[in-house]
Amino acid sequence: MLSGGSPHIREETSMYDHRKLGRELGIFDTDPLMGAGLPYWLPAGAIVRHTLEEYVRESERRAGYQHVYSPVLGKRELYEISGHWSHYQEDMFPPMDLGGEQVVLRPSLCPHHALIYRSRSHSYRELPLRIAELGGMYRAELSGVLGGLTRVRAIQLNDAHIFCTVEQVAQEAGAALDLILRAYDALGIVPVRYQLSLPGPGKKYLGDPQAWRRATELLIEVLDKSGVDYESAEGEAAFYGPKIDIQIADSLGRESTLSTVQVDFHQPEQFDLHYIDSDATKKRPVMVHRSIIGSLERAVAHLIEVHGGAFPAWLAPVQVAVFPLSDAEVAPANAFVRQCLDRGLRAEVVVEGSLGARVRAARHVPYQAVIGAREATSDSIALRLRDGRRLDALPVNEVLSLIGAQVDARSHLLVQEEEV
């Protein structure tokens, strides 16, 4: 069993509001000419987003996922087949007439991935087939619920769909849950609740009741095996299947879903998906939907609030701020930054203001490198840590190795304790 959070991270969400702090940190902003619910990413935010994307893609690649790209538009008919048009239309943008056809901004990636699966024939030997995409989707959210990065109309979703046999579902869904909890450890996210989202009364749900019962049994098996405490919530399932929802809370204590694992018997039926079994007959695969960190927008909003802008070193927009004490040390400072960049670290020279003012301005930067006359002549660095600790001057190569090791390990420690 994996834990749902790092032991080095606060056990409760901090009281920062990402809407205010995110703008102060240069993560994102909005403009009325772009429209409500359509934030744009500033340079520091683009770095955080890109770093998250790289982490997710690498985690998925190691777990056997194949990455694809699919268009953000689809014909209305596509969503009629999937069931989105009849059961999710209120959250979709109106269709656009294009060349005698109606096309829609997609509210979900799963119909596209079903078509990608269907584009080739598949043998049972290929299963499970794991398809992943960091793709855009669009939700027609009402103006009253929009806010910062948590509720937006243009969403970049970390999404994936696993096509597998019924016998493989529990193992694949369990592995997906493990991926999610590993990511939470790396990012410092502590869930407030695990929820088994089940159907409720009414006509909101599609598919065979027996398939729903089997999907629910499989998810209960996954949750029980994982050892996490969970509660059931009727009426919270997707229209095509039950799901595991991992809940987080914002600075005001409001809950939202960040990550999900869903079991879907319905869409493989709708899109007539099949594979050739060992007896040469056609069989229907099951579709497991899963998202490690959900939407990048909501994930970054939560990380801003959890860390108060002081991101783990591997995720920080600037990892090393370099302070030359006088003009004479600017050239050595620039040389050190170049060495940092060559090592894959994000570093910049800060020259304006007193040393104290520069330290305060860079309070969110994990590492602050001070270069005075003594350091310049000895090719060493006096390193300050974000938490106020100072290290004795070290040779440049040792400083690069020290910082690089913590970043490469995606550690929440700035240094190993024996190094302080």
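Since the model is a prediction, treat every value here as computed from it, not as a measurement. (Residues numbered from 1 in each chain as written. Predicted model: local features only at pLDDT ≥ 70, side-chain atom pairs only at ≥ 80, totals over all residues. Heavy atoms only, no water.)

**Some points on the packing of helix H2 (residues 43-62) against helix H9 (residues 296-307)**
Okay, step 1: Interhelical geometry of H2 versus H9 gives an angle of 115° and a closest axis separation of 11 Å. Judged by the inter-axis angle, H2 sits roughly perpendicular to H9. In this structure, H2 crosses over H9, and the sense of that crossing is right-handed. Contact with H2, carried on its side by Val48, Arg49, Leu52 and Glu53, involves Leu296, Glu297, Val300 and Leu303 of H9 and no other residues of that element.
Okay, step 2: Residues that form the contact of H2 with H9 fall into these classes: five nonpolar, no polar and three charged. (Axes fitted to C-alpha atoms, helices over the stretch in contact; angles between N-to-C directions. Helix = DSSP H or I, 4+ residues; strand = E, 2+ residues; numbered from the N terminus. Parallel < 35°, antiparallel > 145°, perpendicular 65-115°, else oblique. Left-handed = near helix turned anticlockwise from the far one by under 90°. Contact = heavy atoms within 4.5 Å. Nonpolar A, V, L, I, M, F, W, Y, C, P; charged D, E, K, R; others polar.)

**Details of helix H7 (residues 209-226)**
Okay, step 1: The end-to-end C-alpha separation of H7 is 26 Å, in line with the 26 Å expected for 18 residues at 1.5 Å each.
Okay, step 2: If you check which residues of H7 are buried, you get Ala211, Trp212, Ala215, Thr216, Leu218, Leu219, Val222, Leu223 and Ser226. On an axial view of H7, the arc spanned by its buried residues comes to 160°, and they lie on one face. H7 presents Gln210, Arg213 and Lys225 as exposed residues on the side facing more than 90 degrees away from its buried surface. (Expected span 1.5 Å × (residues − 1). Buried < 20%, exposed > 50% of the residue type's maximum accessible area, 1.4 Å probe, protein only. Arc of directions from axis to C-beta.)

**Quick word on the packing of helix H10 (residues 330-342) against helix H13 (residues 396-408)**
Okay, step 1: Look at H10 against H13: their axes get within 11 Å of each other, and the N-to-C directions meet at 40°. It follows from the interaxial angle that H10 and H13 lie oblique. Our pair here, H10 against H13, has a crossing hand that is right-handed. On H13, the residues touching Phe336, Gln339 and Cys340 of H10 are Val396, Asn397, Val399 and Leu400.
Okay, step 2: Here the contact of H10 with H13 is built from residues that sort into five nonpolar, two polar and no charged.

**Considerations on the sheet that holds strand E3 (residues 66-67)**
Okay, step 1: The strand order across the open sheet formed by eight strands is E3-E7-E8-E15-E12-E11-E9-E10, and the pairing between neighbours is mixed. Two strands in the sheet have a free side with no partner beyond their single neighbour: E3 and strand E10 (231-234).
Okay, step 2: Two strands pair when backbone bridges link them, and strand E12 (residues 255-264) and strand E15 (residues 286-291) are joined in this way by five bridges, in the antiparallel orientation. Along E15, the bridge assignment pairs Val261 with Arg290.
Okay, step 3: Against the sheet, H2 engages E3, strand E7 (129-138), strand E8 (154-164) and E15, with an angle of about 0° to E8. (Pairing = 2+ DSSP bridges.)

**Some remarks on the packing of aromatic side chains**
Okay, step 1: In total, this model carries four aromatic pairs according to the counting rule given.
Okay, step 2: Ring centres of Tyr55 and Trp314 lie 5.5 Å apart, and the angle between their planes is 45°; on these two criteria the pair is classed as tilted. Of this pair, Tyr55 sits in helix H2 while Trp314 is found in the loop between H9 and strand E16 (320-324), placing the two residues 259 residues apart along the sequence.
Okay, step 3: Taking relative accessible area as the criterion, Tyr55 reaches 8% and is therefore assigned buried.
Okay, step 4: Aromatic pair Tyr205 and Trp212: ring centres 5.4 Å apart, planes at 75°, arrangement edge-to-face. Note on accessibility: Tyr205 and Trp212 belong to one class, buried.
Okay, step 5: When the ring centre of Tyr65 is taken as reference, the NZ or CZ atom of Arg290 above it lies at 4.8 Å. (Phe/Tyr/Trp six-rings, centres within 6.5 Å; stacked < 30°, edge-to-face > 60°. Lys NZ or Arg CZ within 6 Å of the ring centre and 35° of its normal.)

**Describing the nonpolar core**
Okay, step 1: Of all hydrophobic cores here, the largest spans 82 residues; its most connected members are Phe336 and Leu383.
Okay, step 2: Of the residues forming this core, the biggest block, 12 residues, is contributed by helix H6 (residues 169-187).
Okay, step 3: The contact partners of Phe336, leaving out residues within four places of it in the chain, are Val320, Val322, Ala369, Ile371, Ile381, Val396, Val399 and Leu400.
Okay, step 4: Counting residues in each nonpolar core, the second largest holds 17 residues, with Trp85, Val104, Tyr117 and Phe271 among its members. (Core = buried A, V, L, I, M, F, W, Y, C linked by side-chain atoms within 4.5 Å.)

**Quick notes on the environment of Leu391**
Okay, step 1: Following the sequence through the fold, Leu391 ends up in the loop between strand E19 (380-385) and strand E20 (394-395).
Okay, step 2: In this structure Leu391 comes out as buried when scored by relative accessible area, which is 9%.
Okay, step 3: The spacing of Leu391 and Ile304 is 87 residues in sequence and 27 Å in space, taken between C-alpha atoms.

**Observations regarding the sheet that holds E16**
Okay, step 1: Strand order across the open sheet formed by five strands is E17-E16-E18-E19-E20, with mixed pairing between neighbours. In this open sheet, the two edge strands, each paired with only one partner strand, are strand E17 (347-349) and E20.
Okay, step 2: Looking at chain direction, E16 and E17 are connected through three bridges and run parallel. In the strand pairing of E17, Val322 is matched with Val349.

**With respect to the confidence of the model for the protein**
Okay, step 1: Model confidence for the protein is summarised by a mean pLDDT of 92, while 95% of its residues fall at 70 or above.
Okay, step 2: A low-confidence stretch, residues 1-14 (pLDDT under 50), is modelled with 42 contacts involving residues beyond four sequence positions or located in other chains. (pLDDT = per-residue confidence, 0-100.)

**Some details on unusual backbone geometry**
Okay, step 1: Along the chain, Leu127 connects to Pro128 via a cis peptide bond; the corresponding omega equals 0°.
Okay, step 2: Even without a glycine there, the phi angle at Ala280 is positive, about 70°.
Okay, step 3: Along the chain, Ala280 turns up in the loop between strand E13 (275-276) and strand E14 (282-283).
Okay, step 4: For Ala280, a relative accessible area of 62% puts it in the exposed group.

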